[in-house]
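Letter by letter, the chains look like this.
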Amino acid sequence: KEEIQSEGIQTLLTRMVYTLERYDGVGISAPQIGIPLQIFIIQFTRSQMSGWTEKIQKERNMEVVPLQIFINPTLSILDNSQISSREGCCSTHGYSCRVSRFKSVKLSALNEEGNPVEVTAKDWTARMIQHEMDHLNGYMITDKMDPGTLSMDYWNIVNRRQGEFKLSFEGIKAGPKKWFSSPLIWKRS
């Protein structure tokens with residue numbers, strides 16, 4: 001508890017929250033930003049959810065998830081049935097693929113104050129948690145994807161603009177938040 005409340009860990013958590021919100025992500029793990037610690041953060045805002053149609057929100061049982069910080073988490077599977085759905089990732093900006101995930105999970109961890117927390121999640125929220133747990137275990141969506149489903153999400157924009165499009169790897173410039181895995185450009189199930 002004392003270590004979690006230390007200035008170093010609290011500064012890291014502040015930077016992770018800033019990064020998550022700056023890039024409008026739904027999750028971020030410490031390994032994604034080069035820190036070899038077992039920490040991840042998730043959130044799914046009403047604004048992010050509004051990027052999907054009501055039909056998809058209902059099909060995937062999406063819900064608003066307030067900002068939550070998990071330190072040294074352990075995951076238990078509550079429902080072995082799996083659901084395959086398209087996922088994006090800040091680490092593979094501009095690409096998505098279908099990934100099979102367990103329907104329901106339980107996560108035990110410490111929060112940002114060092115207190116024990118336990119979360120039971122299903123469907124979309126369970127997917128978010130499993131995605132971040134994969135990062136803590138050294139996996140990316142491309143390691144877990146359903147074969148043959150990786151695609152560049154920006155092809156819909158490239159086609160709409162008749163080839164006039166620039167995909168840059170120069171990083172995110174100052175300005176409004178960016179969508180890394182926006183459903184607005186997926187245009188497929």
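Worth saying up front: this structure is predicted, and the values here are computed from it rather than measured. (Residues numbered from 1 in each chain as written. Predicted model: local features only at pLDDT ≥ 70, side-chain atom pairs only at ≥ 80, totals over all residues. Heavy atoms only, no water.)

Caption draft 1: Up close: the overall build of the protein chain. Helix and strand content of the protein chain: six helices and six strands. Order of helices (α) and strands (β) in the protein chain, N terminus to C terminus: α-β-β-α-α-β-β-β-α-α-β-α. Intrachain contacts of the protein chain at a sequence separation of at least 6 include 66% that bridge at least 24 residues. As presented, the protein chain carries roughly 10,400 Å² of accessible surface, and 51% of it is formed by carbon and sulfur atoms. (Helix = DSSP H or I, 4+ residues; strand = E, 2+ residues; numbered from the N terminus. Contact = heavy atoms within 4.5 Å. Areas by Shrake-Rupley, 256 points an atom, 1.4 Å probe, with all protein chains shown as cover.)

Caption draft 2: Representation of the pattern of salt bridges in the model. Under the criterion given, the structure shown has six salt bridges. Where Arg 127 meets Glu 87, a salt bridge forms, and the shortest distance between an N and an O atom there is 2.6 Å. Placement of Arg 127 in helix α4 (residues 123-136) and of Glu 87 in strand β3 (residues 65-88) is noted, with a sequence separation of 40 residues between them. The class of Arg 127 is buried, set by a relative accessible area of 6%. In this structure, the salt-bridge partner of Asp 134 is Lys 144, at a minimum N-O distance of 3.3 Å. Of this pair, Asp 134 sits in helix α4 while Lys 144 sits in helix α5 (residues 141-144), and the two are ten residues apart along the sequence. (Salt bridge = Lys/Arg side-chain N within 4 Å of Asp/Glu carboxyl O. Buried < 20%, exposed > 50% of the residue type's maximum accessible area, 1.4 Å probe, protein only.)

Caption draft 3: Structural view of the nonpolar core. The biggest cluster of nonpolar side chains holds 19 residues, and the ones touching the most others in it are Phe 40, Ile 42, Phe 44, Phe 70 and Ile 129. Among the secondary structure elements, those contributing two or more residues to this core are β2 (39-44), β3, β4 (95-110), β5 (116-122) and α4. By residue number, the principal contributor to this core is α4, which donates six residues. Leaving out residues up to four positions away in the same chain, Phe 70 has contacts with Gln 38, Ile 39, Phe 40, Ile 42, Leu 107, Ala 109, Leu 110, Val 117 and Val 119. If you look at the next biggest cluster of nonpolar residues, it comprises 13 residues, including Val 17, Ile 28, Ile 39 and Ile 71. (Core = buried A, V, L, I, M, F, W, Y, C linked by side-chain atoms within 4.5 Å.)

Caption draft 4: Summary view of the side chain of Thr 92. When you line up the elements, Thr 92 lands in the loop between β3 and β4. On the basis of relative accessibility, which here comes to 15%, the residue Thr 92 falls in the buried class.

Caption draft 5: Region of the structure containing the packing of aromatic side chains. Enumeration over the complete set of coordinates arrives at four aromatic pairs. Ring geometry for Phe 40 against Phe 70: centres 5.1 Å apart, planes inclined by 45 degrees, an arrangement best described as tilted. Here Phe 40, found in strand β2, pairs with Phe 70, found in strand β3; they are 30 residues apart in sequence, far enough to count as distant. Take Phe 40 and Phe 70: they sit in the same class, and that class is buried. Lying over the aromatic face of Tyr 23, Arg 22 brings its terminal NZ or CZ to 5.8 Å of the ring centre. Over the ring of Tyr 139 we find Lys 144, and its NZ or CZ is 4.9 Å from the ring centre. (Phe/Tyr/Trp six-rings, centres within 6.5 Å; stacked < 30°, edge-to-face > 60°. Lys NZ or Arg CZ within 6 Å of the ring centre and 35° of its normal.)

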